[in-house]
Amino acid sequence: DQQVKQNSPSLSVQEGRISILNCDYTNSMFDYFLWYKKYPAEGPTFLISISSIKDKNEDGRFTVFLNKSAKHLSLHIVPSQPGDSAVYFCAALKFRGGKSTFGDGTTLTVKP
Amino acid sequence: NAGVTQTPKFQVLKTGQSMTLQCAQDMNHNSMYWYRQDPGMGLRLIYYSASEGTTDKGEVPNGYNVSRLNKREFSLRLESAAPSQTSVYFCASILPGLANTGELFFGEGSRLTVL
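Sequence order as written defines residue numbering, which begins from 1 separately in each chain. Each chain is given a letter, starting from A, and each ligand a number, starting from 1, according to the order in which they appear as written. The predicted origin of the model limits local features to residues at a pLDDT of at least 70 and limits the giving and counting of side-chain atom pairs to 80 or more, whereas totals for whole chains, interfaces and linings rest on all residues. Water and hydrogen atoms were dropped before computing side-chain values, which therefore reflect all heavy atoms in the structure.

## Some points on the environment of Lys37(A)
All names here are of chain A. Each helix is a run of DSSP H or I of at least 4 residues and each strand a run of E of at least 2, with the numbering of both proceeding from the N terminus. For Lys37, the location among the structural elements is in strand S4 (residues 32–38). Partly exposed describes any residue whose relative accessible area lies between the buried limit of under 20% and the exposed limit of over 50%, with all areas from a 1.4 Å probe on protein chains only and scaled to the type maximum. Owing to a relative accessible area of 12%, Lys37 belongs among the buried residues under this scheme. Sequence separation of Lys37 and Ser80 is 43 residues, and the distance between their C-alpha atoms is 14 Å. By definition, residues are in contact when any of their heavy atoms lie within 4.5 Å. Among all residues touching Lys37, those that are not within four sequence positions of it are Gly43, Pro44, Thr45, Gly83, Asp84, Ala86, Val87 and Tyr88.

Quick look at the structure:
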């Protein structure tokens, strides 16, 4: 039973437009939700997170929205840049034990 | 300041051979993790260590053992490698606590192929 799901394996957008990556989860006990970015042959790097008690967090071009009633979160990238092309993983964390559960990832391609 | 360092970066094994993946972090983090990533899939937790001297199983622990040698080092051992263990392995660390954002710091990965 996959607790964190990213239903879109890939997304392609034009440079300058908005990219929206989606993530659904099933366990309402998660404390934090995070987005990681991964380039080929590198480890994932942290991008942005949101506490389960908030509904929005913004950092520059990146905004994460959390809809607890729908158990859904999304990452908005505005404006999208070619350097944003990477695999994006959604993750959910329970503080007790610090274990993160990851989605399968969405490959974002930003076309110049 | 290297962050999280994994060795080796690449390894090819024959079925039945054993090997150890090494991980060290220099950020004074308490908790350390081993994940594996298979093509088209997310990262799955193999084992984790919440603090020095403790280890616990994650989602996919079968076929693996771990050792938390000290606060800095967390090793993953394959006693008898199988082709199903062909994967990219990532070590990560985190400074736990409610004040923390939950951010995992990852190493660059170790690509293991079992023939």
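## Details of the side chain of Thr106(A)
Residue and element names in this part refer to chain A. When you line up the elements, Thr106 lands in strand S11 (residues 106–111). Here a polar contact is taken to be a pair of N or O atoms separated by no more than 3.5 Å, where protein atoms must pair a possible hydrogen donor with a possible acceptor and residues adjacent in sequence count only if both atoms sit in side chains. Among the polar contacts listed, one links the side chain of Thr106 to the side chain of Gln6, at a separation of 3.5 Å. In this view, Thr106 contacts Gln6, Ser8, Pro9, Ser10, Leu11, Leu21, Ala86, Val87 and Tyr88; residues no more than four positions away in its chain are not counted.

## What to know about the nonpolar core
Phe33(A), Trp35(A), Leu73(A), Leu75(A) and Tyr88(A) are the most contacted members of the largest nonpolar core, which totals 23 residues. A per-element tally of this core places strand S9 (residues 86–94) of chain A first, with 4 residues. The contact partners of Leu75(A), leaving out residues within four places of it in the chain, are Ser19(A), Ile20(A), Leu21(A), Trp35(A), Leu47(A), Ile48(A), Phe62(A), Thr63(A) and Tyr88(A). Counting 19 residues, the second largest nonpolar core, distinct from the first, contains Leu21(B), Met32(B), Ile46(B) and Val66(B). In these notes, a set of buried Ala, Val, Leu, Ile, Met, Phe, Trp, Tyr and Cys residues joined through side-chain atoms within 4.5 Å is what counts as a nonpolar core.

## Some remarks on the interface of chain A and chain B
Listed as interface residues are 20 residues of chain A and, on the opposing side, 20 residues of chain B. Summing both partners gives a buried area of about 1700 Å² for chain A against chain B, and 62% of it is carried by carbon and sulfur. Throughout this description, the term salt bridge denotes a Lys or Arg side-chain nitrogen within 4 Å of a carboxyl oxygen of Asp or Glu. Taken together, the links from chain A to chain B amount to 0 salt bridges. Between the two partners, chain A and chain B, sit 3 residue pairs in polar contact (both at pLDDT 80 or more). What counts as buried area is the accessible surface, traced by a 1.4 Å probe, that two parts surrender upon association, with contributions from both included.

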